[in-house]
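Secondary and tertiary structure notes
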Amino acid sequence: MQKKRMQQLQNFCKIIGIEMDNLSLLDMALTHTSYSNEVKGRVKPQHNERIEFLGDSVLSVIVSTYMYKNFPKLDEGKLTKLRAYLVCETSLYKFAKKICLGDYLLLGNGEEQSGGRDRPSLLADAFESVLGAYYLDQGLERAQIYLLGVMQEEIDYICAQGVYSDFKTNLQEYLQRDGDVDISYRIVNSSGPEHNKIFTAEVMLHGKSIGKGSGRSKKDAEQHAAQDALQSMHMSLH
């Protein structure tokens, strides 16, 4: 591994508050297939698809265990529904952005040029890959400490409040509890090919952005922007 890359990975570890003995595992977790495929020569760097598979399972175990222990009144059906929401692409994308994961990815030129460094599906997968790498290097207990450090506040909020099917309606009702307000949405970005576009929306309150979200349609992006605004308001009250 080149010295520059090693320094990048060490910096990433500091940002997310972990230590790793084998940085090659982390390097693999942050290597997209597009980068591996573009490397010339017989020996290609390992990409993160297999370790993402492992990270997905570790994620599920940690989140499920935490929910089971801390929310005894939730039945199996509700636990399943809430867990699915917490580990979905949109949620993992948000957590990946929170730790600036995209800055440390190795991408092929085509993926880089098409906005892959900020693509929700790519970042969500890489988030699971990093968890898988940390689990292999440091074990389940430390993986749990790291993951809950990122996700616990969100888990507690969702398990206590539930999953709203219409965040836009809930946001409007919340903001208008004291009278009429000026709420609007705007699409600020779109990326990816025509058949698989990702839209990014902002929700505006009196012309000021209060939430941002992405989705595979403009409506989904607006819902996720409203969700982001609701959660930000919740956090500001605690």
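Looking at unusual backbone geometry
When glycine is set aside, most residues are seen to have a negative phi, and most peptide bonds are trans. Backbone geometry places C100, a non-glycine residue, at a positive phi of 55 degrees. Within the secondary structure, C100 sits in the loop between α6 (89-98) and α7 (109-113). Residue H206 is not a glycine yet carries a positive backbone phi of 50 degrees. Looking at the secondary structure, you find H206 in the loop between β2 (198-205) and β3 (208-215). In this structure H206 comes out as exposed when scored by relative accessible area, which is 54%.

Focus on the environment of K94
Position of K94 among the secondary structure elements: in helix α6. It is 24 Å that separates the C-alpha atoms of K94 and G139, two residues lying 45 residues apart in sequence. Discounting chain neighbours no more than four positions away, the residues touching K94 are E154 and Q231.

Thoughts on the packing of helix α8 (residues 120-138) against helix α9 (residues 140-161)
Interhelical geometry of α8 versus α9 gives an angle of 145 degrees and a closest axis separation of 7 Å. On the side of α8, the interface is formed by F127, V130, L131, Y134, Y135 and Q138, while α9 contributes L140, R142, A143, Y146, L147 and V150. Of the residues that constitute the contact of α8 with α9, the class distribution is ten nonpolar, one polar and one charged.

Points about the pairing of strand β1 (residues 183-191)
The sheet contact formed by β1 and β2 spans eight bridges and is antiparallel. Paired with I183 across the two strands is L205, which belongs to β2. In this antiparallel pair of consecutive strands, β1 and β2, the connection spans six residues, and G192 shows a positive phi of 95 degrees.

Looking at the sheet that holds β3
Here three strands make up an open sheet; going across it, the order is β1-β2-β3 and the pairing antiparallel. The outermost strands of the open sheet, each flanked by one partner alone, are β1 and β3. Averaged over neighbouring strand pairs, the angle between their axes works out to 25 degrees when direction is ignored. Each of β1, β2 and β3 is contacted by helix α10 (residues 167-175), which is oriented at about 145 degrees to β1, the strand it contacts most.

Re the side chain of H32
Summarising the element assignment, H32 is placed in the loop between α2 (23-29) and α3 (33-38). Under the relative-accessibility criterion, H32 is labelled buried at 16%. Engagement of the side chain of H32 in a polar contact is seen with the side chain of S34, the distance being 2.8 Å. Not counting the four nearest positions on each side in its chain, H32 is found in contact with H47, N48, L106, L107, E111 and L122.

Some remarks on the pairing of β2
Here β2 lies mainly inside the structure; seven of its eight residues are buried. Pairing geometry for β2 and β3, over seven bridges, is antiparallel. Bridge pairing in β3 links E202 to K212. Linking β2 back to β3 in an antiparallel pair, the connection comprises two residues, with H206 at a positive phi of about 50 degrees.

So, how was this worked out
Residues numbered from 1 in each chain as written. Predicted model: local features only at pLDDT ≥ 70, side-chain atom pairs only at ≥ 80, totals over all residues. Heavy atoms only, no water. Helix = DSSP H or I, 4+ residues; strand = E, 2+ residues; numbered from the N terminus. Buried < 20%, exposed > 50% of the residue type's maximum accessible area, 1.4 Å probe, protein only. Contact = heavy atoms within 4.5 Å. Axes fitted to C-alpha atoms, helices over the stretch in contact; angles between N-to-C directions. Nonpolar A, V, L, I, M, F, W, Y, C, P; charged D, E, K, R; others polar. Pairing = 2+ DSSP bridges. Polar contact = N/O pair within 3.5 Å; in protein donor to acceptor, adjacent residues only side chain to side chain.

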